Amino acid sequence: MANSKWIATIASIWIQCSSGASYAFSIYSSVLKSSQGYDQSTLDTISVFKDIGANAGVLSGLLYFYAAVHGRRLAGGPWVVHVAGAIQCFAGYFLIWLAVAGVISRPTVPLMCFYMFLAAHAQTFFNTANVVTAVQNFPNYGGTIVGVMKGFLGLSGAILIQVYQTILRGNPTSFILMIALLPSITPLLLMCLVTIAPANTVDEKKHLNGLSMVAVTVAVYLMILIIIENIFSLPLWVRIVTFLVLLLLLGYPLKIAISARRDEVQCSSQTLSIETYPLMDERESLQSSVTDTDSHDVNKNLLQAMKTLDFWLLFIAMACGMGSGLATINNMNQIGGSFGYNTIAINTLVSLWSIWNFSGRFGAGYVSDIFLHKKEWARPLFIAITLATMTIGHVIIALGFHGNLYMGSIIVGVSYGSQWSLMPTITSEIFGVMHMGTIFNTISIASPIGSYLLSVRVIGYIYDEHASGKGNSCYGTKCFMLSFLIMACVTLFGSFVALVLFFRTRKYYRFVVVRRLRHSAKW
């Protein structure tokens, strides 16, 4: 049972649920700023290094390749990647906690940037180990399993904040210590269960859909819980009960895994030999047919992809969309403070961001699949649509009317999450799956680049120009209005770039990608 890919999947889900500490930066950004005497530009610079660490996953991919693929005969495996991530996570956040708590002297800004980079970089190791192992275990349903893993990672920020609200409410310094311990200990406890075991099973899709439904249920429960906490002041015993219910929901995937394992046991080898091999022969024949009729459907490596205009169009669109989204969430605390939101409301906005991020990751992939299958719409069109929608969200935040941050954060959060679902899928469809990991991680670097330009050079600079008094604080719409109007222009530009990519690839999608999908439907 321990070697079952279903148990590996559940262990990966639980690790994903604890590994999204980078999404909760706004919870402790104020205490980090005040304790270290930073201005807004300096704080934004540190947050950019967090974004770089959380998105630069090339090293984790290389380690996984050598440890989990080449190193399997030498007792290697995904656990090596988890250990590397756990060490970085603990070291980075623990050093930050020591500085904030005053245990050690104030580190220099470059040193604090390194601490933050190290802590966030751990997330790429956890994510790579879990997602790549899941794809290897479910090669026929890669999109579904990646959606499940990415979805739970998107929810992890809200989950960690629920732990904070239940145990450490009002103590952000202790929250830093918590995220040094919890995301490090969880992988160490579960990593031996995350194994590569790609055995054929019966009706995998049914059980994967069950995991997806659990993810949606957890997201809805968290959203309701966050809204209730914002309206009412819940006593400690109620917070404990609601947290226990959350733990029960997160434990439900284990029941699905046991049911799936039971189906595996009941599946006879004779049935597999009769039914699987003819399907495999048919699949090979259909793949040959698609290849023969489409000579330009070639897997490109990174250098080949970077020589194409499509790569840079996608890169620029992601810099605009992901960069502005990260800039928004990284400054949520200061944005809320300038508009007069209290601490509970700001924490609510940060928690709900994970829900909107999750909704975008799940929804964009699902909706774009429907239109690709039924209408033959090329997927880059949905990047253009979501970035245009994000433009509206930025304008709403800029206007500064009552409740604007709730409405604007929903639109920006869903649109931001959509990019993380659309971009990897488009990468595999345009450049092929063989080198998808390398190309995907390279395009992901657009996220921290865009975040740096918009957070430090735009938001931080304009905020500091208006800041005054104790703590270099700023209050009123003047603090962020111009910044978000600039970001609205940036995302609108990104939408036009995505439209160019759509017009360049729509024939390719119609005659290659859609044809491949129709052949796959016969398997």
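Bear in mind the structure is a predicted one, so any value in this text is a computation, not a measurement.

Colleague: Explanation requested: the environment of L499 in the structure shown.
Modeller: Looking at the element boundaries, L499 is found in helix α21 (residues 481-520). The exposure class assigned to L499 is partly exposed, which follows from its relative accessible area of 27%. On a C-alpha basis, the gap between L499 and I385 in space is 8.8 Å, while along the polypeptide they are 114 residues apart. Not counting residues within four places of it along the chain, the set of residues in contact with L499 comprises L381 and A384.

Colleague: Which parts of the structure should I look at to understand the state of the cysteines?
Modeller: A covalent bond between the sulfur atoms of two cysteines is referred to as a disulfide. For the structure on display, the rule yields one disulfide. Between the sulfur atoms of C474 and its disulfide partner C479 the distance amounts to 2.0 Å. Of note, the bridge from C474 to C479 carries an S-S torsion of about -90 degrees and is left-handed in sense. Side by side, C474 and C479 carry an identical accessibility label, which is buried.

Colleague: So what exactly am I meant to see when it comes to the confidence of the model for the protein chain here?
Modeller: Caution applies to low-pLDDT regions: their predicted coordinates should not be interpreted in detail. With 87% of its residues at a pLDDT of 70 or more, the protein chain has an overall mean of 83. Per-element confidence in the protein chain is highest for helix α17 (residues 380-399), whose mean pLDDT is 95, and lowest for helix α12 (residues 269-293), whose mean pLDDT is 43. pLDDT under 50 marks residues 270-297. Its contacts with residues more than four places away, or in other chains, come to 24 contacts.

Colleague: Teacher, can you tell me more about the layout of surface pockets here?
Modeller: Take a probe with the size of a water molecule and roll it over the atoms, and the empty space left behind shows itself. One number sums up the size of the second largest pocket: a volume of about 530 Å³. In terms of lining residues, the second largest pocket is bounded by 25 residues, among which S30, V31, N333, Q334 and S473 are the most central.

Colleague: How should I be thinking about the packing of helix α1 (residues 5-18) against helix α8 (residues 172-190) in this particular structure?
Modeller: In helix packing, the relevant descriptors are the interaxial angle and the interaxial distance, both defined with respect to the helix axes. Here α1 crosses α8 at 170 degrees, and the two axes come no closer than 9 Å. Put simply, α1 runs roughly antiparallel to α8. Contacts from A11, W14, I15 and S18 in α1 reach L182, P183, T186, P187 and L190 in α8. Classifying every residue of the contact of α1 with α8 gives seven nonpolar, two polar and no charged.

Colleague: In this structure, what is going on with the side chain of K5? I would like to understand it.
Modeller: Mapped onto the elements of the fold, K5 is located in helix α1. For K5, a relative accessible area of 2% puts it in the buried group. At a separation of 3.1 Å, a polar atom in the side chain of K5 contacts the main-chain carbonyl oxygen of N137.

Colleague: Looking at this structure, how should I read the pattern of salt bridges?
Modeller: Here the idea is simple: oppositely charged side chains can pair when their charged atoms come close. Applying the stated criterion across every chain yields a total of three salt bridges. The partner of D51 in a salt bridge is K50, and the shortest N-O contact between them spans 2.8 Å. Comparing D51 with K50, the two get one shared label, buried.

Colleague: I keep staring at empty space enclosed by the protein and nothing clicks. Help me out?
Modeller: A complete count under the given rule lists two cavities of 30 Å³ or more for this structure. Roughly 80 Å³ of volume is contained in the largest cavity. In this structure, the largest cavity is lined by I161, Q162, Q165, R169, I226, E229, N230, R239, I344, T348 and S351. Broken down by secondary-structure element, the contributors of at least two residues to the lining of the largest cavity are α7 (142-167), α9 (204-231) and α16 (343-374). The calculated volume of the second largest cavity comes to roughly 50 Å³. Taken together, S19, A21, S22, C89, Y93, A119, A120, A122, Q123, F126 and P183 make up the lining of the second largest cavity. With five residues, the single largest contributor to the lining of the second largest cavity is helix α6 (residues 109-137). When its residues are assigned to classes, the lining of the second largest cavity shows eight nonpolar, three polar and no charged.

Colleague: Hey, could you run me through the packing of aromatic side chains in this one?
Modeller: Remark: the centre distance and the inter-plane angle together describe each pair of aromatic rings, the angle taken between the planes. For the structure shown, the criterion picks out 19 aromatic pairs. Consider the rings of F371 and W377, whose centres lie 4.7 Å apart with planes at 25 degrees: the pair is stacked. We classify F371 as partly exposed; its relative accessible area is 27%. Judged by relative accessible area, which is 34%, W377 ranks as partly exposed. Clustering of aromatic rings is evident, with ring pairs tying together F25, Y28, Y164 and F175.

Colleague: What's the story with helix α20 (residues 446-466) in this structure? I'm lost.
Modeller: The α-helix winds at 3.6 residues per turn, so residues separated by three or four positions along the chain end up facing the same way. With 21 residues, α20 extends 29 Å between its outermost C-alpha atoms, agreeing within 8% with the 30 Å of an ideal straight helix rising 1.5 Å per residue. Of all bends in α20, the biggest is about 30 degrees, found at G460.

Colleague: Looking at this model, I keep getting lost on the packing of helix α2 (residues 25-36) against helix α3 (residues 40-55). Mind explaining?
Modeller: Axis separation between α2 and α3 bottoms out at 11 Å; the angle between their running directions is 140 degrees. Between α2 and α3, the crossing angle belongs to the class labelled oblique. Of the two elements, α2 crosses α3, and the hand of that crossing is right-handed. Each of F25, S29, L32 and K33 in α2 lies in contact with α3, whose residues at this interface are Q40, L43, I46, S47 and K50. Broken down by class, the residue content of the contact of α2 with α3 amounts to four nonpolar, three polar and two charged.

Colleague: Looking at this structure, how should I read a nonpolar patch on the surface?
Modeller: A surface patch of nonpolar side chains, about 600 Å² in accessible area, is lined by V216, V220, I224, I227, I228, I231 and F232. With respect to the helices, strands and loops of the structure, F232 is situated in the loop between α9 and α10 (236-251).

Colleague: What's the story with the environment of F125 in this structure? I'm lost.
Modeller: Along the chain, F125 turns up in helix α6. Sequence separation between F125 and Y64 is 61 residues; the distance between their C-alpha atoms is 8.4 Å. If sequence neighbours within four positions are ignored, F125 has contacts with L59, S60, L63, V81, A84, G85 and Q88.

Colleague: Would you explain unusual backbone geometry in this entry?
Modeller: Trans is the prevailing form of peptide bonds, just as negative phi is the prevailing case for residues other than glycine. Phi at E376 takes a positive value of approximately 60 degrees, unusual for a residue other than glycine. Along the polypeptide, E376 turns up in the loop between α16 and α17.

Colleague: Can you walk me through α6 in this structure?
Modeller: Compared with the 42 Å implied by 1.5 Å per residue over 29 residues, the 43 Å span of α6 between its first and last C-alpha is a close match. Of all 29 residues in α6, 21 are buried, a share of seventy percent or more.

Colleague: I would appreciate a short explanation of the environment of D310 in the present structure.
Modeller: For D310, the location among the structural elements is in helix α14 (residues 309-330). The buried category is assigned to D310, whose relative accessible area is 13%. Spatially, the C-alpha atoms of D310 and I430 are 8.3 Å apart, while their sequence positions differ by 120 residues. Those residues in contact with D310 that lie beyond four places of it in its chain are I430, F431, L501, R504 and T505.

Rules and cut-offs
- Residues numbered from 1 in each chain as written.
- Predicted model: local features only at pLDDT ≥ 70, side-chain atom pairs only at ≥ 80, totals over all residues.
- Heavy atoms only, no water.
- Helix = DSSP H or I, 4+ residues; strand = E, 2+ residues; numbered from the N terminus.
- Buried < 20%, exposed > 50% of the residue type's maximum accessible area, 1.4 Å probe, protein only.
- Contact = heavy atoms within 4.5 Å.
- Disulfide = S-S within 2.5 Å.
- pLDDT = per-residue confidence, 0-100.
- 1 Å grid on protein atoms, 1.4 Å probe; cavity = no way out; pocket = protein on both sides within 12 Å on 5 of 7 lines; lining within 4 Å.
- Points joined across faces, edges and corners; volume = space filled by probe spheres on them.
- Axes fitted to C-alpha atoms, helices over the stretch in contact; angles between N-to-C directions.
- Parallel < 35°, antiparallel > 145°, perpendicular 65-115°, else oblique.
- Nonpolar A, V, L, I, M, F, W, Y, C, P; charged D, E, K, R; others polar.
- Polar contact = N/O pair within 3.5 Å; in protein donor to acceptor, adjacent residues only side chain to side chain.
- Salt bridge = Lys/Arg side-chain N within 4 Å of Asp/Glu carboxyl O.
- Phe/Tyr/Trp six-rings, centres within 6.5 Å; stacked < 30°, edge-to-face > 60°.
- Expected span 1.5 Å × (residues − 1).
- Bend = angle between axes of the 7 residues up to and from the residue.
- Left-handed = near helix turned anticlockwise from the far one by under 90°.
- Patch = residues over 30% accessible without salt bridge, like charges linked within 9 Å, V, L, I, M, F, W, Y side chains within 5 Å.
- Areas by Shrake-Rupley, 256 points an atom, 1.4 Å probe, with all protein chains shown as cover.

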